[in-house]
Amino acid sequence: MQATVETLEGLERQVNLIIALDDIEKDVKTQLQRVARTAKVQGFRPGKAPISVIERSHGPGIRYDVINQKVGQEFDKIIKEANLRVAGMPSIEPKTEGVEEGQVGFVAKFEVYPEVSLPDLPTLEVVRYTAEVGDEEINRTVDILRKQRATYEAREDRAAQKDDRVTLDFVGTIDGVEFEGGKAENFPFLLGQGRMLPEFEEAATGLKAGESKTFPLSFPEDYAGKEVAGKTAEFTIAVKEVAEPVLPEVNEEFAKSLGQAEGSTEKLLEEIRNNIEREVKNRIQGRTKSSVMDALANAATFDIPKALVENDVQARIAAAREELKQRGVPNADQMPIPAETFQPESERRVRLGLLVGELVEQAKLQVTPEQVRARIEEFSQNYEKPEQVISYYLSDRQRRAEIEAVVLEDNVVDHVLSLAKVAEEAVAFDDLMGTM
């Protein structure tokens, strides 16, 4: 009898699975005979126990496995005949209604993949971002590298200012009582780096060695120290030393300290420029890709399988727990993480995944080996020994698959940009890279 696939709601489907008991018992008998040939049963020589004895010891387990196998085969057969693509695992429950004598029945509920309708690409509005890298950006980057390698010279007459290293004693009290972590001696920090709360840095600014100051400081409500969060303390600081930063000259020694083996400042600046340009290119491409993917996701109107969304949510919860575990959070494996936290993003990811897959298929945007190798070679330039990186990625299937996924997305982005309404937008270097 031809099974009928019933449409429930949206992408949900249901089908009845009817299995003849004779077929089940036939397979059970075959399995029992196979087991009997080698079974070791107390009171019998190996392989000589009667089938009735094997039935009592092994029958229930074998029958359970045979029924599962038969149900799976019947389900696969029906799905194939109906030409359906099942999303996720089906839910299969026993049923008695409509099942004749000599049969067992089950009902399978499942979801199918949707018919993915592509948006009209020429009507999409997307942004292609741009950014310039000039001499000013290179010089500012060099200054940052110099500051990272600064030495400090104590100055008795110097009032503390941004970038100075200030060493001081401090003590804080709340309602006249000292609190844990509110006291230190010979404590050094760099002014203007954001390591201390703004009120603390403001109080230290302008003081010279030997000077003191008392001031109120309000801890934020979300401060890491829960015992003082949201409270106001009174701090007294006594400056021990104010040290002025001394930046290294851009010379042969500086170049070598940054890995330029020849000590050539010219080559160092060239390497810095190349590195910055690669980073800017990656970030600009990332912003443009986000614009394209947002446009595609917003234009998608088809239903998505709940099972795929749930799988993605659970994968993200597992990843979040693993990250907490790596940070040393106790009992991270049992940490309750609400699924609602990831639901919207998981829905977007599933919808985009289906849409991108259909777009790749229809527009023939599949990745070529040449594209993968070119991307790996480009990526390898970020490392000291690029040839080793290339070899590693080309020989490791999983790593190569990661690059293939990136290139596939690039193909989709380029295809959409070639058809959509594209507006160009320049991004300031500081906005792109973060305040430098």
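Since we're looking at a predicted model, the values are computed, not measured.

Trainee: Before we go on, may I ask you to explain the overall build of the protein in this structure?
Mentor: When helices and strands are tallied, the protein shows 12 helices and 11 strands. Its C-alpha radius of gyration of 34 Å places the protein more than 25% over the 22 Å reference for a compact globule of 436 residues. Over its C-alpha atoms, taken along the principal directions, the protein stretches across nearly 100 × 60 × 45 Å. For the protein, buried positions account for 34% of its 436 residues. Considering only intrachain contacts with a sequence separation of at least 6, the fraction spanning at least 24 residues in the protein is 69%. Total accessible area computed for the protein in this model is approximately 27,100 Å², and 47% of it derives from carbon and sulfur atoms. Across the protein, the 56 positively charged side chains and the 81 negatively charged ones have centroids separated by 8 Å.

Trainee: Explanation requested: the sheet that holds strand β2 (residues 12-20) in the structure shown.
Mentor: With antiparallel pairing, the four strands of this open sheet are ordered in space as β1-β2-β4-β3. Whereas interior strands pair on both sides, the edge strands pair on one side only; in this sheet they are β1 (6-7) and β3 (86-95). In this structure, β1 lies alongside β2, joined through two bridges in antiparallel fashion. What sits directly across from E6, in β2, is Q14. Packed on one face of the sheet, helix α1 (residues 21-36) meets β2 and β4 (103-112) and runs near 65° to β2. Sitting on the sheet, helix α2 (residues 51-82) is in contact with β2, β3 and β4, with an inclination near 130° to β2.

Trainee: Looking at this structure, I do not really get helix α7 (residues 306-326). What am I missing?
Mentor: Since the α-helix turns once every 3.6 residues, residues separated by three or four places project in the same direction. When the terminal C-alpha atoms of α7 are compared, their 30 Å separation across 21 residues agrees well with the 30 Å that a helix rising 1.5 Å per residue should span. Turning to α7, the residues buried within the fold contact β3, β4 and α8 (343-363). The first or second residue beyond α7 is G328, which carries a positive phi of 90°.

Trainee: When you look at the nonpolar core in this model, what are you seeing that I'm missing?
Mentor: Considering soluble globular proteins, one finds that nonpolar side chains tend to be buried as a cluster. Membership of the largest hydrophobic core comes to 32 residues, with the highest contact counts inside it found for L124, V292, M293, L296, F302, V412 and V416. Secondary-structure elements contributing two or more residues to this core are α6 (265-299), α7, α8 and α11 (397-419). Among the elements that line this core, the one with the most residues is α8, at seven residues. Once residues within four sequence positions are removed from consideration, L124 is found in contact with P119, A295, L296, A299, V416, A420 and K421.

Trainee: Explanation requested: helix α3 (residues 135-148) in the structure shown.
Mentor: Compared with the 20 Å implied by 1.5 Å per residue over 14 residues, the 20 Å span of α3 between its first and last C-alpha is a close match. Within α3 the residues assigned to the buried category are E137, I138, T141, V142, L145 and R146. Buried residues in α3 make contact with α5 (252-257), α6 and α12 (429-433).

Trainee: What am I meant to see in the environment of H58 here?
Mentor: With respect to the helices, strands and loops of the structure, H58 is situated in helix α2. Classification of H58 as partly exposed rests on a relative accessible area of 33%. Placed 48 residues apart in sequence, H58 and G10 show a C-alpha to C-alpha distance of 43 Å. Beyond its immediate sequence surroundings of up to four residues, H58 is in contact with L32 and V35.

Trainee: Just to check I follow, could you spell out unusual backbone geometry for this structure?
Mentor: A negative phi angle is the norm for most residues apart from glycine, just as the trans form is the norm for most peptide bonds. Phi at D175 takes a positive value of approximately 55°, unusual for a residue other than glycine. For N331, which is not a glycine, the phi torsion comes out positive at approximately 55°.

Trainee: I'm lost on the pattern of salt bridges in this one. Help?
Mentor: Oppositely charged side chains can form a pair if their charged atoms are brought close together. Inspection of the entire model under this criterion finds 29 salt bridges. Residue R128 is joined to E424 by a salt bridge in which the shortest nitrogen-to-oxygen separation is 3.7 Å. One end of the pair, R128, is in strand β5 (residues 125-130); the other, E424, is in strand β11 (residues 421-426), and 296 residues separate them in sequence. Classification of R128 as partly exposed rests on a relative accessible area of 30%. In this structure E424 comes out as exposed when scored by relative accessible area, which is 57%.

Trainee: How should the packing of α3 against α6 be read in this particular structure?
Mentor: Interaxial distance between α3 and α6 falls to 10 Å at its minimum, and their mutual angle equals 105°. Between α3 and α6, the crossing angle belongs to the class labelled roughly perpendicular. Contacts between α3 and α6 pair D135, E137, I138, T141, V142 and L145 from the former with L269, I272, R273 and I276 from the latter. A class-by-class count of the residues in the contact of α3 with α6 yields six nonpolar, one polar and three charged.

Trainee: Quick question: what am I supposed to make of the packing of aromatic side chains here?
Mentor: To describe a pair of aromatic rings, you give the distance between the ring centres and the angle between the ring planes. The full count for this structure, using the stated rule, is 16 aromatic pairs. Ring pairing ties together the aromatic residues F170, F179, F187, F189, F200, F215, F219, Y223 and F235, which thus form one cluster. Over the face of the ring belonging to Y113 we find R85, whose NZ or CZ atom lies 4.1 Å from the ring centre.

Trainee: What am I meant to see in the packing of α1 against α2 here?
Mentor: Two quantities define a packed helix pair, namely the angle between the axes and the distance from one axis to the other. Two elements in contact, α1 and α2, have axes separated by 8 Å at closest approach and are oriented at 130°. As far as their axial angle goes, α2 and α1 are oblique. In the crossing of α1 with α2, the sense of the turn from one axis to the other is right-handed. Contact with α1, carried on its side by D23, I24, E25, D27, V28, Q31, L32, Q33, V35 and A36, involves I51, I54, E55, H58, G59, I62, R63, V66, I67 and K70 of α2 and no other residues of that element. Of the residues contributing to the contact of α1 with α2, the split by class is 10 nonpolar, four polar and six charged.

About the cut-offs
- Residues numbered from 1 in each chain as written.
- Predicted model: local features only at pLDDT ≥ 70, side-chain atom pairs only at ≥ 80, totals over all residues.
- Heavy atoms only, no water.
- Helix = DSSP H or I, 4+ residues; strand = E, 2+ residues; numbered from the N terminus.
- Rg over C-alpha atoms; globule rule 2.2 N^0.38 Å.
- Buried < 20%, exposed > 50% of the residue type's maximum accessible area, 1.4 Å probe, protein only.
- Contact = heavy atoms within 4.5 Å.
- Areas by Shrake-Rupley, 256 points an atom, 1.4 Å probe, with all protein chains shown as cover.
- Lys, Arg positive; Asp, Glu negative; His and termini not counted.
- Charge placed at Lys NZ, Arg CZ, Asp CG, Glu CD.
- Pairing = 2+ DSSP bridges.
- Axes fitted to C-alpha atoms, helices over the stretch in contact; angles between N-to-C directions.
- Expected span 1.5 Å × (residues − 1).
- Core = buried A, V, L, I, M, F, W, Y, C linked by side-chain atoms within 4.5 Å.
- Salt bridge = Lys/Arg side-chain N within 4 Å of Asp/Glu carboxyl O.
- Parallel < 35°, antiparallel > 145°, perpendicular 65-115°, else oblique.
- Nonpolar A, V, L, I, M, F, W, Y, C, P; charged D, E, K, R; others polar.
- Phe/Tyr/Trp six-rings, centres within 6.5 Å; stacked < 30°, edge-to-face > 60°.
- Lys NZ or Arg CZ within 6 Å of the ring centre and 35° of its normal.
- Left-handed = near helix turned anticlockwise from the far one by under 90°.

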